[in-house]
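Inside the fold
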Amino acid sequence: MDKFVIDGGRRLYGSIRAQTAKNSVLPLLAASILTEQQVTIREVPPISDVFCMVRILRELGATVHFREGDVIIESADAGEHCISSALTGELRSSVFMLGSLLTRFGRAACAYPGGCDIGLRPIDLHLNALKRLGVSIRERDGYICCFCDRMKGAEIALDFPSVGATENIMLAAVKAEGRTTISGAAKEPEIVDLQNFLCAMGAKIAGAGTDTIVIEGVSSLHGAEYLPMKDRIEAGTYLIGCAICGGEVEVEGVGSDCLGLLLHKLRENGCKIHTKNDKIRISSSGRLKCNRRIETMPFPGFPTDLQAQATALNATAEGCALIVENLFETRYKYVPELIKMGADIEVKGRSAFVRGVSGLHGASVTCGDLRGGAALVLAALGAEGVSEVLDLTHIDRGYSDLCGQLKKLGAEIKRVGA
Ligand code: UD1
């Protein structure tokens, strides 16, 4: 397995452009089979979660091409409605396919989903919502099997604003008979992107970005070409990297409204932030103050996908920080690896108590999940001496070129094959 070798201690300077958002592209790919016509999704990042989703689409009978960074999906011949356990096990987002498959074929089956090992990640909200739309669900041999001739619009109230459940309901309700209302919907910018994409295909959806989404079922959807939003989590990762290392970095493609609380927290650390349209510029002396408290919350709160990176930052800031992870219960697997580098962090349940130390030292550390892996890379960039970050398969799920982007900013990082 590949590893990164990082010689830490260099400041970061320069400009980079964020890739297209993983968490937008995945549901868009799931949505692409809602029509028999051609769909083009532009500037899709070459990450392994995308390749896995494309394998799922092909398994369903769709023809999928990659052309100059775009992905072109033709699903006229699609006919399969069951996603094998090998593929669902690799990618949790395959659960979105239930909504799309039900809309297109009236039936769908998939094994229980996989993805990052960061907690229980149940799918009860998805399944209860599908039942509200009239779907019959049975479990057989580890597969969730769903049937419905034509779904009927319904009022669905989510107990928690789940991103995936909100997207799945949109995909299931887009051609259902009548009106579906989702209250307590997730408000993440990726939900707005999915609404815009579905509307470009002829759907009638309004309200994404607020907690109530209204979907008027339409009788047909057509092909579309769509450029999804840029990756706010990737952008946030580089901003935190610059905060840790010191320097001045501009990230292009993501507006401040997508990162909300992160920018506030970085200012609290002592960084200077300037935003203009879709550019965010950060400058950092590298000598930071701890955040008193960071608590992950659904959007517009502090994103759980930046929790690990923020903990890495606080590990070498002055003072103490309390980090509270409210979304996923086992999202601190990277902490023992940071401790190998000299961090002083104690985890109790959903909380991590960070006592900032004056600096970390290089070590050999292993990625256990996607964002935890990114946090280890950032910690290594700020540490004194050489680090090895092992097992890049998790990082490859979400960052198309973490090494190249960081090199552009002046980091001493190289990818070494096993
Ligand atoms: C999406 C993102 C992921 C991000 C997360 C939260 C994608 C592909 N992934 O994941 O990067 O970390 O949002 O911002 O977009 N839950 C239930 N029952 C359900 C569904 C969810 O209890 O049926 C719980 C989960 O266990 C978790 C919380 O709701 O505690 C948030 O999950 P959710 O918003 O659904 O996250 P994902 O869509 O899986």
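In this report, the structure presented in the accompanying data block is examined. (Residues numbered from 1 in each chain as written. Predicted model: local features only at pLDDT ≥ 70, side-chain atom pairs only at ≥ 80, totals over all residues. Heavy atoms only, no water.)

Considerations on the overall build of the protein chain
- The secondary structure content of the protein chain amounts to 15 helices and 24 strands.
- Over its C-alpha trace the protein chain gives a radius of gyration of 21 Å, about what one expects of a compact globule, namely 22 Å for 418 residues.
- C-alpha atoms of the protein chain, sized along the principal axes, occupy 65 × 45 × 40 Å.
- Across the 418 residues in the protein chain, those meeting the buried criterion constitute 56%.
- Here the analysis covers contacts within the protein chain between residues at least 6 apart in sequence; of these, 72% occur between residues at least 24 apart.
- Within the structure as shown, the protein chain displays about 16000 Å² of accessible surface, and the carbon and sulfur contribution to it stands at 48%.
- A distance of 3 Å separates the average location of the 47 positive side-chain charges in the protein chain from that of its 50 negative side-chain charges. (Helix = DSSP H or I, 4+ residues; strand = E, 2+ residues; numbered from the N terminus. Rg over C-alpha atoms; globule rule 2.2 N^0.38 Å. Buried < 20%, exposed > 50% of the residue type's maximum accessible area, 1.4 Å probe, protein only. Contact = heavy atoms within 4.5 Å. Areas by Shrake-Rupley, 256 points an atom, 1.4 Å probe, with all protein chains shown as cover. Lys, Arg positive; Asp, Glu negative; His and termini not counted. Charge placed at Lys NZ, Arg CZ, Asp CG, Glu CD.)

Thoughts on the pattern of salt bridges
- Using the criterion set out here, one finds 22 salt bridges in the structure.
- The partner of Glu43 in a salt bridge is Lys230, and the shortest N-O contact between them spans 3.2 Å. Taken together, the positions of Glu43 in the loop between strand S3 (39-41) and helix H2 (48-59) and Lys230 in the loop between strand S14 (224-226) and helix H8 (232-245) put the pair 187 residues apart, joining distant regions of the chain.
- A single network of salt bridges, built from pairs that share partners, joins Asp344, Glu346, Lys348 and Arg355. (Salt bridge = Lys/Arg side-chain N within 4 Å of Asp/Glu carboxyl O.)

Concerning the site of the ligand
- Surrounding the ligand, one finds 18 residues, the nearest of these being Asp124, Leu125, Ser162, Asp305 and Leu327.
- Within the side chain of Asp305, an N or O atom sits 2.6 Å from an oxygen atom of the ligand.
- Protein contact buries 87% of the 740 Å² of open area that the ligand shows by itself.
- Looking at the shell around the ligand, the elements that each hand over two or more residues are helix H5 (124-132) and helix H6 (163-173).
- Considering each element in turn, the shell around the ligand owes the most residues, three residues, to H5.
- For the shell around the ligand, the per-class residue count stands at seven nonpolar, six polar and five charged.
- Taken together, domain 1 (3-19 + 230-416) and domain 2 (22-221) each give at least three residues to the shell around the ligand, which thus spans both. (Near = heavy atom within 4 Å. Polar contact = N/O pair within 3.5 Å; in protein donor to acceptor, adjacent residues only side chain to side chain. Nonpolar A, V, L, I, M, F, W, Y, C, P; charged D, E, K, R; others polar. Domains from an automatic or database assignment.)

A few points about the sheet that holds strand S24 (residues 412-416)
- Strand order in the open sheet formed by four strands is S22-S23-S1-S24, and the pairing between neighbours is mixed. Only two strands of the sheet have a single neighbouring strand rather than two, namely strand S22 (364-366) and S24. Taking each pair of neighbouring strands and ignoring which way they run, the sheet shows an average axis angle of 20 degrees.
- By the bridge criterion, five bridges tie strand S1 (residues 3-7) to strand S23 (residues 386-390) in an arrangement that is antiparallel. Along S23, the bridge assignment pairs Val5 with Glu388. (Pairing = 2+ DSSP bridges. Axes fitted to C-alpha atoms, helices over the stretch in contact; angles between N-to-C directions.)

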